[in-house]
Amino acid sequence: MSTIKAAYQATLERIETALVDAGRPPESVHLLAVSKTRPAQAVAELAQLGQRAFGENYVSEGVAKIEELNHLDLDWHFIGPIQSNKTRAIAESFDWVHSVDRKKLITRLNDQRPTDRPPLNVLIQVNLDGEVQKAGCDPSEIPELANLIDQSPRLTLRGLMAIPAPRAEWAEQIEVFNTLAGHFEDLRRAHPSVDALSAGMSDDLEAAIAAGANWVRIGTALFGARASA
Ligand SMILES: *Cc1c(COP(=O)(O)O)cnc(C)c1O
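These figures come from a predicted structure and were not determined experimentally. (Residues numbered from 1 in each chain as written. Predicted model: local features only at pLDDT ≥ 70, side-chain atom pairs only at ≥ 80, totals over all residues. Heavy atoms only, no water.)

J.: When you look at the overall build of the chain in this model, what are you seeing that I'm missing?
T.: Per the secondary structure count, the chain includes 9 helices and 8 strands. Taking 17 Å as the expected radius of gyration for a compact globule of 229 residues, we find that the chain reaches 17 Å, a close match to that expectation. Referenced to the eigenvectors of the C-alpha coordinate spread, the extents of the chain come out at roughly 45 × 40 × 35 Å. Counting only residues that meet the buried cut, the chain has 51% of its 229 residues in that class. (Helix = DSSP H or I, 4+ residues; strand = E, 2+ residues; numbered from the N terminus. Rg over C-alpha atoms; globule rule 2.2 N^0.38 Å. Buried < 20%, exposed > 50% of the residue type's maximum accessible area, 1.4 Å probe, protein only.)

J.: Looking at this model, I keep getting lost on the pairing of strand β1 (residues 30–34). Mind explaining?
T.: Side chains on a regular strand alternate between the two faces of the sheet. The buried fraction of β1 amounts to 4 of the 5 residues, a majority that puts the element mostly inside the structure. Of the pairings in the sheet, the one linking β1 to strand β8 (residues 215–218) comprises 4 bridges and is parallel in character. Its bridge partner lying in β8, L31 is registered against V216. With respect to chirality, the unit in which β1 leads through helix α2 (residues 40–48) into the neighbouring parallel strand β2 (residues 53–56) is right-handed. (Pairing = 2+ DSSP bridges. Right-handed = clockwise from strand over helix to strand, strands pointing away.)

J.: Just checking my understanding: could you explain the site of the ligand for this structure?
T.: For the ligand, the full set of nearby residues is V34, K36, N57, I79, I163, M201, S202, R217, I218, G219, T220 and R226. Between the ligand and the protein, one listed contact pairs an oxygen atom with a side-chain N or O atom of N57 at 2.7 Å. When the free accessible area of the ligand is taken as 390 Å², the share hidden by the protein chains comes to 90%. At a threshold of 2 Å from the grid points, most atoms of the ligand map onto the largest pocket. A per-class count over the shell around the ligand returns 5 nonpolar, 4 polar and 3 charged. (Near = heavy atom within 4 Å. Polar contact = N/O pair within 3.5 Å; in protein donor to acceptor, adjacent residues only side chain to side chain. Areas by Shrake-Rupley, 256 points an atom, 1.4 Å probe, with all protein chains shown as cover. 1 Å grid on protein atoms, 1.4 Å probe; cavity = no way out; pocket = protein on both sides within 12 Å on 5 of 7 lines; lining within 4 Å. Sits in = over half its atoms within 2 Å of the grid points. Nonpolar A, V, L, I, M, F, W, Y, C, P; charged D, E, K, R; others polar.)

J.: It is not clear to me how the packing of aromatic side chains should be interpreted in this structure. Could you clarify?
T.: Describing an aromatic ring pair means giving the distance of the ring centres and the angle of the ring planes. Counted under the stated rule, the structure contains 3 aromatic pairs. Taking the centre distance of 5.7 Å and the plane angle of 35° together, the rings of F54 and W76 count as tilted. Of this pair, F54 sits in strand β2 while W76 sits in strand β3 (residues 75–78), and the two are 22 residues apart along the sequence. F54 gets classed as buried once you look at its relative accessible area, which sits at 0%. (Phe/Tyr/Trp six-rings, centres within 6.5 Å; stacked < 30°, edge-to-face > 60°.)

J.: Whenever I open this one, the nonpolar core confuses me. Can you help?
T.: Nonpolar side chains tend toward joint burial in soluble globular proteins. By size, the foremost hydrophobic cluster in this structure holds 62 residues, and its most contacted members are V97, I124 and L160. Here I124 is in contact with H98, V100, C137, I142, L145, A146, I149, L157, G159, L160 and M161, once residues within four sequence places are set aside. (Core = buried A, V, L, I, M, F, W, Y, C linked by side-chain atoms within 4.5 Å. Contact = heavy atoms within 4.5 Å.)

J.: Looking at this model, I keep getting lost on empty space enclosed by the protein. Mind explaining?
T.: The rolling of a water-molecule-sized probe over the atoms marks out the regions of remaining empty space. According to the stated counting rule, one finds 2 cavities of 30 Å³ or more in the structure shown. Lining the largest cavity, in full, are Q125, V126, N127, L128, D129, E131, K134, A135, A162, I163 and P164. Looking at the lining of the largest cavity residue by residue, the classes come out as 6 nonpolar, 2 polar and 3 charged. By volume, the second largest cavity amounts to about 30 Å³. Every residue lining the second largest cavity is listed: P164, A165, P166, R167, Q173, V176, F177 and D204. Taken together, the residues of the lining of the second largest cavity break down into 5 nonpolar, 1 polar and 2 charged. (Points joined across faces, edges and corners; volume = space filled by probe spheres on them.)

J.: Could you clarify how one ought to interpret the layout of surface pockets in this entry?
T.: The space that makes up the largest pocket amounts to roughly 620 Å³. As for the largest pocket, its lining consists of 25 residues, and the residues nearest its centre are K36, I163, M201, R217 and R226. Taken together, the residues of the lining of the largest pocket sort by class into 11 nonpolar, 7 polar and 7 charged. Approximately 180 Å³ is the volume attributed to the second largest pocket. The element that contributes the greatest number of residues to the lining of the second largest pocket is helix α3 (residues 59–68), accounting for 3 residues. Split by residue class, the lining of the second largest pocket holds 6 nonpolar, 2 polar and 3 charged.

Take a look at the structure:
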């Protein structure tokens, strides 16, 4: 069995075990394979095993892979910090974006989404730790950003994303993901299109799933350690 096949099966098993432990239904979490810094060949290998959703952090790298793998039926998610001069490439090439955190990006993505493509699926990135150097809006800004996305015909509001600072203890991981899940429930009550809670990475997917995440974003556990990580 290839390394990537074994890692893929192990990751799917981790997710299903976490769902059982959380008392949640099987297959109620989507796996987003984070392919940043990995060659298109690694994406193609995983696609052949049945993986459909891939996440990229860097616009030019992501667009190049999307073009190279155009013959495969994949869904591409942009999950990295967004510079406003890169919104056009995101709007033209990706299916989802998880990292929208300010009004200017919403206006630009809506204006730049091609009319021959379905609306772009948008998640608001929330900064739960108040870390100034990190992307993500303050939780208090969620309603205003959500309303603006809802009023944008070329965008569909799907939910929230967060990248909490790493916490070693399970109780601390659960606490921050539960805080996020509370914001998600508030948002879902106000906006019926909301269904995506994107949280959990290779080191903390179990806690994220216990708190209700339904998209986990996994790189290292699938592809091995990144050279530059
Ligand atoms: C790199 C990255 C991931 C994947 O992290 P791993 O620890 O490698 O699983 C998930 N989400 C975002 C936003 C990332 O940048």
